[in-house]
Amino acid sequence: MNRVPQEKPGRQKMKIVIVGCGKVGYALAKQLSMENHDITIIDSSSKVIEKAQETLDVMVMSGNGAALDIQREARVDEADLLIAATPSDELNLLCCIVAKRLGCGHTISRVRNADYLNQLQFMRDDFGLSMTVNPEFATARTIFRFLQFPSFLKIDSFAKGRVELVELKLTENSVLNGKSLDKLTTELHLRVLVCVVERDNKIFVPKGDFVLRAGDKINVTAPRSELAKMIKRLNISTQKIRNVMMIGGGRIAEYLADELIKSGVDVKMIELNRERATEL
């Protein structure tokens, strides 16, 4: 804890307070401390605090992270960011409210309860939240996107799901094999942007005259509607998912089932717990 690492040039060092040092909090603290940020961890468990103190280059505090005196002692008022990652949604939200009132720059709260999602969008300013993170919902959305576009190697989402970044490998029979990128607009009438091309283990940032060939891995960004058009016009082999069976009825399954049903997919779910099954 007494080591003072050298700052990397060009990187702004931030003071970050993390409340809750479970798997998520610990992983965040480890990564952020490796990036030379000033990290303080608050947790009510003495065992958790002891582990963090022994294995991480961070400051640690034992106590209730939502308590005003604890946050003052942790100097949250001087912090650039507070991340609340305890198992309790309510505690996380309270941590952020207190931190914002003290003058913390930004707050991020982990919120897992589906009932809170719409309310938090409506009351985000009242809670003093810069961002909310729902790991289960994010996982469900990632699975849902893969089920929508199973032909793509990778899928990432931006602008709250309105824009997708996908990776596709070109085959010998691909319509794009031997064509320059400007043909995407002039011949195929697609409003997509090819950001990166990987060829023979080399990375290219292509211009309009860049000629694609079989074996290329291309990274394309576009609205979801344009990706659907691209699949059709490039004759990419795909099969629409019509039925899905899910084993287990946890939060991820609940979020995913909701998205699938909205898109017209039939869902069958098997859950061992009768009470949970009835609830679903």
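The notes below deal with the structure included here.

Here is what the cut-offs are and how they apply
Residues numbered from 1 in each chain as written. Predicted model: local features only at pLDDT ≥ 70, side-chain atom pairs only at ≥ 80, totals over all residues. Heavy atoms only, no water. Core = buried A, V, L, I, M, F, W, Y, C linked by side-chain atoms within 4.5 Å. Buried < 20%, exposed > 50% of the residue type's maximum accessible area, 1.4 Å probe, protein only. Helix = DSSP H or I, 4+ residues; strand = E, 2+ residues; numbered from the N terminus. Contact = heavy atoms within 4.5 Å. Patch = residues over 30% accessible without salt bridge, like charges linked within 9 Å, V, L, I, M, F, W, Y side chains within 5 Å. Areas by Shrake-Rupley, 256 points an atom, 1.4 Å probe, with all protein chains shown as cover. Salt bridge = Lys/Arg side-chain N within 4 Å of Asp/Glu carboxyl O. Disulfide = S-S within 2.5 Å. Polar contact = N/O pair within 3.5 Å; in protein donor to acceptor, adjacent residues only side chain to side chain. Pairing = 2+ DSSP bridges. Expected span 1.5 Å × (residues − 1). Axes fitted to C-alpha atoms, helices over the stretch in contact; angles between N-to-C directions.

## Some remarks on the nonpolar core
Right, so step 1: In this structure, Val17, Ile42, Val76 and Leu82 are the most contacted members of the largest nonpolar core, which totals 23 residues.
Right, so step 2: Taken together, the elements giving at least two residues each to this core come down to strand S1 (15-19), strand S4 (81-84), helix H4 (89-102) and helix H5 (117-127).
Right, so step 3: Of all the elements, H4 adds the most residues to this core, at 6 residues.
Right, so step 4: Once you skip the residues sitting within four places of it in the chain, Ile42 turns out to touch Val17, Ile18, Val19, Gly20, Met61, Gly63, Asn64, Gly65, Ile70 and Ala74.
Right, so step 5: In terms of nonpolar packing, the next biggest core, distinct from the first, is built from 18 residues, Leu176, Leu181, Leu227 and Met230 among them.

## Considerations on a nonpolar patch on the surface
Right, so step 1: A grouping of Met245, Ile247 and Ile270 is seen on the molecular surface, where their side chains present a nonpolar patch of about 330 Å² in accessible area.
Right, so step 2: By secondary structure assignment, the location of Ile247 is in strand S12 (residues 243-247).
Right, so step 3: The class for Ile247 is exposed, based on a relative accessible area of 67%.

## Observations concerning the state of the cysteines
Right, so step 1: Scanning all chains against the criterion turns up 0 disulfides.
Right, so step 2: For Cys95, which is in no disulfide, the shortest distance to another cysteine sulfur is to Cys96 and amounts to 6.7 Å.

## So, the side chain of Asp216
Right, so step 1: Looking at the secondary structure, you find Asp216 in the loop between strand S10 (202-204) and strand S11 (217-223).
Right, so step 2: Only 2.7 Å separates the side chain of Asp216 from the side chain of Arg199, close enough to count as a polar contact.
Right, so step 3: Apart from the residues within four sequence positions on either side, Asp216 is in contact with Leu168, Lys169, Leu170, Val197, Glu198 and Arg199.

## Examining the pairing of strand S5 (residues 106-110)
Right, so step 1: With respect to burial, S5 is a largely interior element, 4 of its 5 residues being buried.
Right, so step 2: Summarising the sheet, S4 and S5 pair through 4 bridges and their orientation is parallel. Among the inter-strand pairings, Leu81 is bridged to a residue of S5, identified as His106.
Right, so step 3: In terms of strand pairing, S5 meets strand S6 (residues 131-133) through 3 bridges, oriented parallel. Residue Ser109 lies in a different strand from S6, and its bridge partner there is Thr132.

## Examining helix H9 (residues 251-262)
Right, so step 1: With 12 residues, H9 extends 17 Å between its outermost C-alpha atoms, agreeing within 8% with the 16 Å of an ideal straight helix rising 1.5 Å per residue.
Right, so step 2: Inspection of H9 places Ala253, Tyr255, Leu256, Ala257, Glu259 and Leu260 among the buried residues, and these make up the whole buried set.

## A few points about the sheet that holds S4
Within a sheet, adjacent strands bond to each other through the backbone by hydrogen bonds, running parallel or antiparallel.
Right, so step 1: Strand order in the open sheet formed by 6 strands is S3-S2-S1-S4-S5-S6, and the pairing between neighbours is parallel. Since the sheet does not close on itself, it has two edges, and those belong to strand S3 (59-62) and S6, each with one partner. Here the average twist between neighbouring strands, direction ignored, is 15°.
Right, so step 2: Of the strand pairs in this sheet, S1 and S4 are connected by 4 bridges, and their pairing is parallel. Paired with Val17 across the bridge in S4 is Leu82.
Right, so step 3: The sheet strands contacting helix H1 (residues 23-34) are S1, strand S2 (38-43), S4 and S5, and the helix crosses S1 at an angle near 165°.
Right, so step 4: Strands in contact with helix H2 (residues 46-55) are S2 and S3; relative to S3, the strand with the most contacts, it is inclined by about 170°.

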